[in-house]
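Chains, contacts and geometry: an overview
In case you want the letters, here they are:
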Amino acid sequence: SNNDRVLGVETIPDAIMIMHDKKDKNYPFKINLIEYECYGEGKLRSKDKFEYFNGHIIPQLMRFASNFSIVTDSNIRRDTIDKWIDKVIDYVNESDELRNKIKIWMQNIYPDIKEREVDRRFEKELFKSFESNLRITLIIDELTQEQKDTLSNVVKSFKLDGNREIEFKSYIVRLEQKIG
């Protein structure tokens, strides 16, 4: 919707991935906000790539980071987190397989958990992770080390609860063109 765009910059990532780390008892879930970007064949000149990187990619990742950072108004931040938790819960509830996976995760964290507590505890763990254990992941077709360092520094400058940094990770994918 138009509410999810500000000056051409999306405020919602392309995907979200929740990872369960059995060894981390304090933050068993890592929230990954995933953004897919592509210069492709539309931006071949380095000037076009430079402008797109500075005018679109950096602002986009800053917006993601700021939405969850302690720099954001606490009510707006809480609303954002609540909306994402609702989306995650709705998605999980569409699948018996996913509900079962969440139950297993929660039993790993809380061995004595009762069936009726699973959803509530899962929501609380998600909330804690959105507040304190967040990573922004960029998948792109081209990224220099300097650009990667810039993005990492920008994203890490937005702090989470407990003065924790938002992590940044990037993957470069080579685009293949199908020959017909």
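Just above, that's the structure.
All of the points below concern the structure found in this document. (Residues numbered from 1 in each chain as written. Predicted model: local features only at pLDDT ≥ 70, side-chain atom pairs only at ≥ 80, totals over all residues. Heavy atoms only, no water.)

Describing the sheet that holds strand β4 (residues 29-36)
Spatial ordering of the open sheet is given by β3-β4-β5-β6, a layout of four strands whose pairing is mixed. Of all strands in the sheet, those bounded by a partner on one side alone are β3 (15-20) and β6 (167-172). The sheet shows a mean angle of 25 degrees between the axes of neighbouring strands, direction not considered. With six bridges joining them, β4 and strand β5 (residues 134-140) adopt parallel strand pairing. (Pairing = 2+ DSSP bridges. Helix = DSSP H or I, 4+ residues; strand = E, 2+ residues; numbered from the N terminus. Axes fitted to C-alpha atoms, helices over the stretch in contact; angles between N-to-C directions.)

What about the pattern of salt bridges?
The tally for this structure, following the rule as stated, stands at ten salt bridges. Measuring nitrogen to oxygen at the nearest pair gives 3.5 Å for the salt bridge that ties E125 to K128. Taken together, the positions of E125 and K128, both in helix α4 (residues 118-132) and three residues apart, correspond to about one turn of that helix. K159 is the salt-bridge partner of E165, the closest N and O atoms lying 3.4 Å from each other. (Salt bridge = Lys/Arg side-chain N within 4 Å of Asp/Glu carboxyl O.)

Thoughts on the packing of aromatic side chains
Taken as a whole, this structure holds four aromatic pairs when the rule is applied. The interplanar angle of 85 degrees and the centroid separation of 5.6 Å between the aromatic rings of F29 and F122 together place this pair among those described as edge-to-face. Linking F29 in strand β4 with F122 in helix α4, this pair joins segments that are 93 residues apart in sequence. By relative accessible area, which is 0% here, F29 ends up buried. Overall, the relative accessible area of 2% leaves F122 in the buried class. Each ring, one from F68 and one from F130, has its centre 5.4 Å from the other, and the planes form 20 degrees; the classification is stacked. Taken together, the positions of F68 in helix α1 (residues 46-68) and F130 in helix α4 put the pair 62 residues apart, joining distant regions of the chain. Classification of F68 by relative accessible area gives buried; the value is 2%. Taking the relative accessible area as the measure of exposure, F130 reaches 0% and is therefore buried. Members of the aromatic cluster, joined through ring pairs, are F29, W105 and F122. (Phe/Tyr/Trp six-rings, centres within 6.5 Å; stacked < 30°, edge-to-face > 60°. Buried < 20%, exposed > 50% of the residue type's maximum accessible area, 1.4 Å probe, protein only.)

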